[in-house]
Amino acid sequence: MDITQKVTVHILNAFVENGAGGNPAGVVLDADNLSNQQKLQIANKVGLSETAFVSKSKTAGVKLDFFTPNKQIAHCGHATVATFSYLKQIGAVSGARSSKETIDGKRDIALSGELAFMEQLAPTYIDVGDKESEILSSLGFQKTDMIAKAPIKVVNTGNSFMLIPVKDAEILKNLTPDFDLINEISEAFDLIGYYVFTTNTEDAQLDATSRMFGPRYGIQEEAGTGMAAGPLACYLYDVLEIKKQRYYLQQGKYMNEPSSSLILVDLLIEQEEIKGLMAGGKGLLKSEMIFEID
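Not measured: the values here are computed from a predicted model.

S.K.: When you look at unusual backbone geometry in this model, what are you seeing that I'm missing?
M.R.: Trans peptide bonds make up the majority, and among non-glycine residues the majority have a negative phi. Look at Phe15: it is not a glycine, yet its phi comes out positive at around 65°. Backbone geometry places Asp30, a non-glycine residue, at a positive phi of 50°. A relative accessible area of 67% means that Asp30 is categorised as exposed.

Structure follows, in structure tokens:
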């Protein structure tokens, strides 16, 4: 006889700004008895860019597994922030520090009120070489749309993203993504996706505003990507030489369905060199979904 079980998925918006916007993630508590196949099945049914599954850990505060609708990934910034912010709100974690165990090792978590910050690694940078013109074509850009002397780079602080700097918000707003070509380039560079940004924002309090495209992982566009905001803060510090300790980064404002997110990134600097970073924000519970799985 087939046995089914009911699984509750908490839908939280991560990186909310003044109680609105943010990027939705699914969060499943008490996922210890779920197989990876079941987790993928649930993530596919939820249909969000990522769903996080919380289990007990012998080496960290909790174990987190992340699934997009079509595959498992090592890390997810917004789902991590959503999870730990929610765990703090319901009293499941306490204090100013925690940690997560992932398939890619252990990462520290900082907690401040209802804000949660996730550790990322020191950045690595890869030049795109002769692929620049193809990358520009995949977004409908001309060379003149780019910030002068600001090269396109692949930046990794745990996951790889293509950092693409453009002159202003109007260019960012009106880009035309070719998802097939973005997917092909993402495969070639082993990317989660593109992170297109400008420092010429409409809000002087923001350091940059951005858009993220990840068709390789079933994400056409995402409203808030913590694992991409970390690389962007590093790029601002190292490449554009905007030297700060905390960066205020907006994402999602220019999506077809705007959902503005605010991501905070604190760089850990020693002798003017980035040794790591903490990226985070606030999670807000929006709804719950219940599924039956085999």
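S.K.: Please explain the pairing of strand E7 (residues 105-112) as it appears in this structure.
M.R.: Every other side chain in a regular strand lies on the same face of the sheet, so the side chains alternate between the two faces. Sheet topology places strand E6 (residues 97-102) next to E7; six bridges connect them, and they run antiparallel. Its bridge partner lying in E7, Lys100 is registered against Arg107. In textbook terms, the turn of a hairpin is the stretch between consecutive antiparallel strands, and for E6 and E7 this stretch comprises two residues. Direction of pairing for E7 relative to strand E8 (residues 115-121): antiparallel, over a ladder of four bridges. Pairing of Ile109 across the sheet is with Met118, part of E8. Counting the residues between successive antiparallel strands, the hairpin from E7 to E8 contains two residues, one of them, Gly113, with a positive phi of roughly 60°.

S.K.: Looking at this structure, I do not really get the environment of Pro215. What am I missing?
M.R.: Mapped onto the elements of the fold, Pro215 is located in the loop between strand E13 (208-214) and strand E14 (219-222). Between the C-alpha atoms of Pro215 and Ile42, which are 173 residues apart in sequence, the distance is 20 Å. Beyond its immediate sequence surroundings of up to four residues, Pro215 is in contact with Phe179, Ile182 and Asn183.

S.K.: Would you explain the state of the cysteines in this entry?
M.R.: Each disulfide is one covalent bond, formed between the sulfur atoms of two cysteines. Applying the stated criterion across every chain, the model contains zero disulfides. Considering cysteine sulfurs only, Cys234 is the nearest to Cys76, which forms no disulfide, with 18 Å between them. Among the residues examined, Cys234 registers a relative accessible area of 0% and is labelled buried.

S.K.: Looking at this structure, how should I read the nonpolar core?
M.R.: Here is a general trend for soluble globular proteins: nonpolar side chains tend to be buried in one another's company. Within the largest apolar cluster, 52 residues are counted, with the highest numbers of intra-cluster contacts made by Phe84, Leu163, Tyr195, Leu232, Leu249, Val265 and Leu267. Per-element tally for this core: the top contributor is helix H6 (residues 226-238), with nine residues. Aside from chain neighbours lying at most four places away, what touches Leu249 is Asp207, Ala208, Ala229, Leu232, Ala233, Leu236, Ser261, Leu262, Ile263 and Val265. By size, the runner-up hydrophobic cluster in this structure holds 24 residues, among which are Phe141, Ile171, Ile182 and Tyr254.

S.K.: How do you make sense of the packing of aromatic side chains when you look at a structure like this?
M.R.: Taken as a whole and assessed by the stated rule, the structure comprises four aromatic pairs. For the ring pair Phe53 and Phe67, a centre distance of 5.8 Å and an interplane angle of 85° mean the geometry is edge-to-face. Note that Phe53 is positioned in strand E3 (residues 51-55) and Phe67 in strand E4 (residues 62-67), a separation of 14 residues in sequence. The pair Phe53 / Phe67 is uniform in exposure class, with both members buried. Pairing Phe197 with Tyr235 gives two aromatic rings, centres 5.5 Å apart and planes at 75°, and the pair type is edge-to-face. On the criterion of sequence distance, the pair formed by Phe197 in strand E12 (residues 193-198) and Tyr235 in helix H6 is long-range, its members being 38 residues apart. Comparing Phe197 with Tyr235, the two get one shared label, buried. One Lys or Arg, Lys71, reaches over the ring of Tyr217 and ends 4.7 Å from the middle of that ring. Over the aromatic face of Tyr237 sits the side chain of Lys243, whose NZ or CZ is 3.8 Å from the ring centroid.

What counts, and at which threshold
- Residues numbered from 1 in each chain as written.
- Predicted model: local features only at pLDDT ≥ 70, side-chain atom pairs only at ≥ 80, totals over all residues.
- Heavy atoms only, no water.
- Buried < 20%, exposed > 50% of the residue type's maximum accessible area, 1.4 Å probe, protein only.
- Pairing = 2+ DSSP bridges.
- Helix = DSSP H or I, 4+ residues; strand = E, 2+ residues; numbered from the N terminus.
- Contact = heavy atoms within 4.5 Å.
- Disulfide = S-S within 2.5 Å.
- Core = buried A, V, L, I, M, F, W, Y, C linked by side-chain atoms within 4.5 Å.
- Phe/Tyr/Trp six-rings, centres within 6.5 Å; stacked < 30°, edge-to-face > 60°.
- Lys NZ or Arg CZ within 6 Å of the ring centre and 35° of its normal.

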